[in-house]
Amino acid sequence: MFGLEKPAGQQEPGRSGGLPKMASVGDFNVLSSSIPATKVELSVSCRNLLDRDTFSKSDPICVLYTQAIGNKEWREFGRTEVIDNTLNPDFVRKFIMDYFFEERENLRFDFYDVDSKSPNLSKHDFLGQMFCTLGEIVGSQGSRLEKSIVGIPGKKCGTVIVTAEELGCCRDSVLMQFCANKLDKKDFFGKSDPFLVFHRSNEDGSFTICHKTEVVKNTLNPVWQAFKISVRALCNGDYDRTIKVEVYDWDRDGSHDFIGEFTTSYRELSRGQSQFNVYEVINPKKKGKKKKYVNSGTVTLLSFLIETEVSFLDYIKGGTQINFTVAIDFTASNGNPSQPTSLHYMNPYQLNAYGMALRAVGEIIQDYDSDKMFPALGFGARLPPDGRVSHEFALNGNPQNPYCHGIDGVMEAYYRSLKCVQLYGPTNFAPVINHVARYAASVKDGSQYFVLLIITDGVISDMAQTKESIVNASKLPMSIIIVGVGPAEFDGKYSTMEELDGDVVRISSRGRFAERDIVQFVPFRDYIDRSGNHVLSMARLAKDVLAEIPEQFLSYMRVRGIKPSPAPPPYTPPIHVLQTQI
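Report on the accompanying structure. Quick caveat: nothing in here was measured; it's all calculated off a predicted structure.

So, how was this worked out
Residues numbered from 1 in each chain as written. Predicted model: local features only at pLDDT ≥ 70, side-chain atom pairs only at ≥ 80, totals over all residues. Heavy atoms only, no water. Helix = DSSP H or I, 4+ residues; strand = E, 2+ residues; numbered from the N terminus. Buried < 20%, exposed > 50% of the residue type's maximum accessible area, 1.4 Å probe, protein only. Contact = heavy atoms within 4.5 Å. Areas by Shrake-Rupley, 256 points an atom, 1.4 Å probe, with all protein chains shown as cover. Phe/Tyr/Trp six-rings, centres within 6.5 Å; stacked < 30°, edge-to-face > 60°. Salt bridge = Lys/Arg side-chain N within 4 Å of Asp/Glu carboxyl O. Axes fitted to C-alpha atoms, helices over the stretch in contact; angles between N-to-C directions. Parallel < 35°, antiparallel > 145°, perpendicular 65-115°, else oblique. Left-handed = near helix turned anticlockwise from the far one by under 90°. Nonpolar A, V, L, I, M, F, W, Y, C, P; charged D, E, K, R; others polar. Polar contact = N/O pair within 3.5 Å; in protein donor to acceptor, adjacent residues only side chain to side chain. Core = buried A, V, L, I, M, F, W, Y, C linked by side-chain atoms within 4.5 Å. Domains from an automatic or database assignment. Pairing = 2+ DSSP bridges.

With that settled, the discussion passes to the overall build of the protein chain. From N to C terminus, the protein chain includes 12 helices and 30 strands. Counting only residues that meet the buried cut, the protein chain has 54% of its 582 residues in that class. Summarising the internal contacts of the protein chain: among those between residues at least 6 apart in sequence, 71% fall at separations of at least 24. For the protein chain, the exposed surface amounts to about 26800 Å²; the carbon and sulfur share of it is 52%.

Structure representation (structure tokens):
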């Protein structure tokens, strides 16, 4: 429902008057200018498309649109190729997109039967469309989403299958170690103090420095320590790109003496320790001057080990479910819900702060939960019929089954609760944290991860118990998001919320420190858009509160040594004889 604008694809100029050539990644977007968590490649296939051609089958093309934020405008991201004469296309061209867990990326896939070379889509027959989010694709089993194509009333338009694949070269690292023999002596009173400098080549033939080893003092036969470097930094993922290595003799004054250089590539290095990875160090000036010059020593690769960093998406693809629980503050300080000044005021025309925070976070997380059933709790209210105060009650009135269907179900239960409970107090967090922790403690194998969203208007009454609960929960597969609504002083230097957040000082209780940082706090007022654009407020809020979840999730898995489950086997479409329009 609420989209965050992403780079919209710019079409490559088409062939003269033809259709645009490329499914491309597009322009820079200020709101999303953080480094993407990863890039994913989307593959599109269709089955049983409408047949719009009289004497042959349709000639389909897929056009992908992303949605701009605020004004909801759809922008073309890119197009696949046209495949002639088929109702079951498996498009070859892919869409490569930046993926951020914390953003909701709305997508629209439109399908056309191409009748001419015109790039103008209105000149072609519309075959239908499919709407989804990028999170929906990634969060589906095996990151494979199958959905009906809609858009032509009274017609069955077929189905579309979209598969997301994380681009792997982004996250490979290599651990390498080098030694050298008989390097040139450069120091008058001693031997050389050698170090290596690695450069990757650029498209224009220039070089960019990407690593320096440490200096090994007073030797012509150094052995450098093993070092780790990402494949992206070393060669930008291009295995045949030239890597230049320079050897220097270190000098205290910074005027390091050049000993020589050699070139290699990732592909050559990946052969590991062998005769192929002994390099002659050449000093071009010396080579030009001395006829008998052979080399300035040799550098040998001692070891080469590829390490693939496991990512958040590896776990999601392997079937890990994100379980979302919401807990809402029903204390009296929120104000009478029937009054417009109340934070719980039910305005028929717009969401209150609680509703906005709930939708902003929930609508993103629900894509990663297959059954879309969410426990919804309240705290700090007097419950009917006897008026007892509860700090852990089910919003739907069923303590045995507090689950609500989807975010709409949670919103409905929240509004229903407001009509039948009495706002009271105090503000106790520990009971709802312990409620989720009990579930998290029962599944520690990496198959499930729990996210608790607490929305509150004020200062915590049970600070010691809450800190104890968080320290205990830091050992479990769970994260806690706290959104503060209303005018309270949440974000002072020494505020209780900042203390719980633990970004500055790790939270502790009775001498025990939290095993990892699991709490993220934000004050809602920082996200109120002055122009009144609530969609923008909600998108920014979701971006900030969810940005830390993937790293908190990975920190739990790493500490516990849990590896992702293997993904289900990739979908292999049935083979069709296809002719591709060039």
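From this point, things continue past the structure.
Further remarks concern the packing of aromatic side chains. All chains considered together, the criterion is met by 23 aromatic pairs. For the pair Phe77 and Phe95, a centre-to-centre distance of 6.5 Å together with 65° between the ring planes defines the contact as edge-to-face. Residue Phe77 is found in strand β3 (residues 74-79), and its partner Phe95 is found in strand β5 (residues 95-99); the two are separated by 18 residues along the sequence. For the pair Phe77 and Phe95, a shared accessibility class is recorded, and that class is buried. Seen from their ring centres, Phe178 and Phe227 are 6.4 Å apart, and the 20° between their planes marks the pair as stacked. Taken together, the residues Phe178 in strand β10 (residues 172-181) and Phe227 in strand β13 (residues 227-230) connect sequence positions 49 residues apart. Given a relative accessible area of 2%, Phe178 falls into the buried group. Taken together, the aromatic side chains of Phe101, Phe312, Tyr315, Tyr368, Tyr449 and Phe553 make up a single cluster linked through ring pairs.

Turning to the pattern of salt bridges, a few remarks are in order. Under the criterion given, the structure shown has 21 salt bridges. Taking the shortest distance from any N to any O, the salt bridge between Arg558 and Glu551 comes out at 2.4 Å.

The geometry of helix α6 (residues 353-365) relative to helix α11 (residues 534-546) is characterised by a closest axis approach of 9 Å and an angle of 60° between their N-to-C directions. One element, α6, and the other, α11, form an angle in the oblique class. Crossing handedness for the pair α6 and α11: right-handed. Here Met356, Ala357, Arg359, Ala360, Val361, Ile364 and Ile365 of α6 come into contact with α11, specifically with His534, Met538, Leu541, Ala542, Val545 and Leu546. Along the lines of polarity and charge, the residues of the contact of α6 with α11 split into 11 nonpolar, one polar and one charged.

Our focus in this paragraph is helix α9 (residues 463-473). Burial analysis of α9 places eight of its 11 residues in the buried class, the great majority of the element. Listed in full, the buried residues belonging to α9 are Met463, Thr466, Lys467, Glu468, Ser469, Ile470, Val471 and Ala473. On its buried face, α9 is in contact with α8 (430-441), β26 (478-484), α10 (496-501), β27 (508-509), β28 (512-513) and β29 (519-523).

Looking at the secondary structure, you find His344 in the loop between β18 (321-329) and α6. Looking at His344, its side chain comes within polar contact range of the main-chain oxygen of Asp329, at 2.7 Å. A distance of 2.7 Å separates a polar atom in the side chain of His344 from a polar atom in the side chain of Tyr414. For His344, the contacting residues outside a window of four places in its chain are Ile328, Asp329, Phe330, Asn334, Pro337, Asn352, Tyr354, Tyr414, Leu418 and Leu423.

A separate point is the nonpolar core. In globular proteins that are soluble, nonpolar side chains generally tend to be buried together. Within the largest apolar cluster, 88 residues are counted, with the highest numbers of intra-cluster contacts made by Leu42, Phe109, Phe111, Ile137, Phe330, Val483 and Leu546. It is α6 that contributes the most residues to this core, nine residues altogether. Structurally, this core is a two-domain feature, drawing no fewer than three residues from each of domain 1 (38-167) and domain 3 (322-560). Other than its neighbours up to four places away in sequence, Ile137 contacts Leu42, Leu107, Phe109, Cys132, Ser143, Arg144, Leu145, Val162, Thr163 and Ala164. Leu183, Tyr248, Val299 and Leu301 belong to the second-largest nonpolar core, a separate cluster that totals 30 residues.

This part covers unusual backbone geometry. For the bond running from Pro384 to Pro385, omega is 0°, close enough to zero to count as cis. As for its position among the elements, Pro385 is in the loop between β20 (381-383) and β21 (388-390). With an omega of -5°, the peptide bond between Gly425 and Pro426 qualifies as cis. One can find Pro426 in the loop between β24 (422-423) and α8. If you check the backbone angles, Asn218 has positive phi at about 55° while not being a glycine. Take Asn218: it is sitting in the loop between β12 (207-212) and β13.

What follows is about the sheet that holds β20. With antiparallel pairing, three strands are arranged side by side in an open sheet as β21-β20-β24. Lying at the two open borders of the sheet, with one neighbouring strand each, are β21 and β24. The pairing of β20 with β21 spans three bridges and is antiparallel. Bridging from a neighbouring strand, Leu383 pairs with Arg388 of β21.

Turning next to the sheet that holds strand β6 (residues 106-113). Across the sheet, four strands lie side by side as β3-β2-β6-β7; this open sheet has antiparallel pairing. Each edge of the open sheet carries a strand with a single partner, namely β3 and β7 (125-133). Averaged over all neighbouring strand pairs, the angle between strand axes comes to 25°, with direction disregarded. Both strand β2 (residues 60-67) and β3 contribute to a ladder of five bridges, which runs antiparallel. If you follow Gln67 over to β3, its bridge partner there is Trp74.

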